[in-house]
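A look at the structure
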Amino acid sequence: MLHFGIIGAGNIAHKFIEAVRMTSEADVTAVASKSMERAKAWAKKESLSSYYDSYEKLLSDPDIDVVYIATLSNAHYDNIKACLLAGKHVICEKPMTQTGAQAREVIDLAREKHLFLMEGMWSRFLPKSTHVRQWIRDGRIGELHLMQANIGWKADKEYSRRLFYPELGGGSLYDIGIYPMELLPYYADQKILSMQFLKKDYPTGVDDMVSLNLRLEHCIANIQCSFTTKMPEDAYLYGSDGYIHIPKIHFGNRARLYDLNDRLVEDFHEGEENGFYYEVKEVISCIQKGQTESAVCPLEMTLENARLFDQVLR
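Here is a short report on the structure shown in this document.

About the cut-offs
Residues numbered from 1 in each chain as written. Predicted model: local features only at pLDDT ≥ 70, side-chain atom pairs only at ≥ 80, totals over all residues. Heavy atoms only, no water. Helix = DSSP H or I, 4+ residues; strand = E, 2+ residues; numbered from the N terminus. Expected span 1.5 Å × (residues − 1). Buried < 20%, exposed > 50% of the residue type's maximum accessible area, 1.4 Å probe, protein only. Phe/Tyr/Trp six-rings, centres within 6.5 Å; stacked < 30°, edge-to-face > 60°. Lys NZ or Arg CZ within 6 Å of the ring centre and 35° of its normal. Pairing = 2+ DSSP bridges. Axes fitted to C-alpha atoms, helices over the stretch in contact; angles between N-to-C directions. Contact = heavy atoms within 4.5 Å. Salt bridge = Lys/Arg side-chain N within 4 Å of Asp/Glu carboxyl O.

**Some points on helix 7 (residues 172-188)**
Taking 1.5 Å as the rise per residue, helix 7 with 17 residues should run 24 Å; its terminal C-alpha atoms sit 24 Å apart, in good agreement. Of all 17 residues making up helix 7, 17 are buried, and the element is well covered by its neighbours. Asp189 sits one or two positions beyond helix 7 and adopts a positive phi of about 55°.

**A short note on the packing of aromatic side chains**
What characterises a pair of aromatic rings is the spacing of the ring centres plus the angle enclosed by the ring planes. Under the definition given, this model contains 13 aromatic pairs. Residues Phe16 and Phe276 carry aromatic rings whose centres are separated by 6.4 Å and whose planes lie at 80° to one another, so their mutual orientation is edge-to-face. In this pair, Phe16 is assigned in helix 1 (residues 11-20) and Phe276 in helix 8 (residues 276-288), connecting sequence segments 260 residues apart. With a relative accessible area of 3%, Phe276 lands in the buried category. One aromatic cluster is present, built from ring pairs that chain together Phe4, Phe16, Tyr68, Trp122 and Phe276. Against the face of Tyr165 rests Arg161, its NZ or CZ located 4.7 Å from the ring centre.

**Section: the sheet that holds strand 7 (residues 144-152)**
Reading across from one edge, 8-9-10-7-11-12-13-14 is the order of the eight strands in this open sheet, with mixed pairing throughout. For this open sheet the edge positions go to strand 8 (192-201) and strand 14 (264-269), each flanked by a neighbour on one side alone. Strand-to-strand twist across the sheet, computed as the mean angle between neighbouring axes with direction ignored, equals 10°. As paired strands, strand 11 (residues 235-239) and strand 12 (residues 242-246) are joined by four bridges and run antiparallel to one another. When the bridges of strand 12 are listed, Tyr238 appears paired with Tyr243.

**Details of helix 5 (residues 100-113)**
Residues spaced three or four apart along an α-helix face the same direction, because each turn holds 3.6 residues. Helix length check: helix 5 (14 residues) gives 20 Å between terminal C-alpha atoms against 20 Å at 1.5 Å per residue, within 8%. Within the span of helix 5, buried status applies to Gly100, Gln102, Ala103, Val106, Ile107, Leu109 and Ala110. At its buried positions, helix 5 is contacted by helix 4 (76-85), strand 6 (117-120) and helix 9 (299-313). Looking one or two residues beyond helix 5, the residue adopting positive phi is His114, at roughly 55°.

**Some thoughts on the pattern of salt bridges**
Tallied over the entire structure, the rule returns 18 salt bridges. Two residues, Lys57 and Asp53, come together in a salt bridge whose shortest N-O distance is 2.8 Å. For Lys57, a relative accessible area of 42% corresponds to the partly exposed category. You can call Asp53 partly exposed: its relative accessible area is 28%. Linking Lys81 and Glu105 is a salt bridge whose minimum nitrogen-to-oxygen distance equals 3.2 Å. On the criterion of sequence distance, the pair formed by Lys81 in helix 4 and Glu105 in helix 5 is long-range, its members being 24 residues apart. The exposure class of Lys81 is partly exposed, given its relative accessible area of 24%. Since its relative accessible area comes to 35%, Glu105 is described here as partly exposed. Here the salt bridges share partners, and the residues they tie into one network are Arg111, Glu293 and Glu300.

Written out as structure tokens, the structure is:
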């Protein structure tokens, strides 16, 4: 059994714990928060055996093998370093870091320590993502020419306060634009060669609306994201012999394949309701096999994405 510890007692960690408990190879034993009262209440709700009022105390727990980091993104870099220096494997919520330099540093440290490290791009592990990738590999839409994706909603300024301020790691690109940015190249199984962009900032200084044009090895991709503008959050992949529609690109269990006459050829609808399950299974499998990174969510993906985001944001 692998024992997970949680850093950051937020809402998303509840869903992660549920996913771990869907497996038979791991459990969650401890949570750490900067507030003892919050840690205790959170542990009671999740029936965890241990809780701590500091991250350092959790990292000194010898029973914990892997740490799931669910703090605000501005803290990820420091949290990852602390975990790796304590000898713990790490899965960190996206975005793993705020800059390319930070990504390079934690990746080098993980490799030096021979520890597993992965950015939590759970959407890559969804059955529909695997199926879409296979459709393209099998030539079901012919030669892939163009991909389009958008993701956006009108965020509440109080509930989603972290999105609006640079000091909290805010901005639309790292919070939601990261999904299509890391999913479209995965579907195509192609590297990004170059990028053009347009950006509109929110008055607080974070990026609100971003439009990206990407040149991949054999196709082009367009991406739009915003946290003040509602969008369908869909993706379309167009080929020489048909196209694929992916409703809600970053979650869900459906993908549809169409021919050139807009006739539905195949409707894929499969997968667990809790999408974190597939990500958790990958982490467990990699660590049990002694692997220090995932082939589905490799560290080079995180590093390349962080460097491209540097171009837009800096």
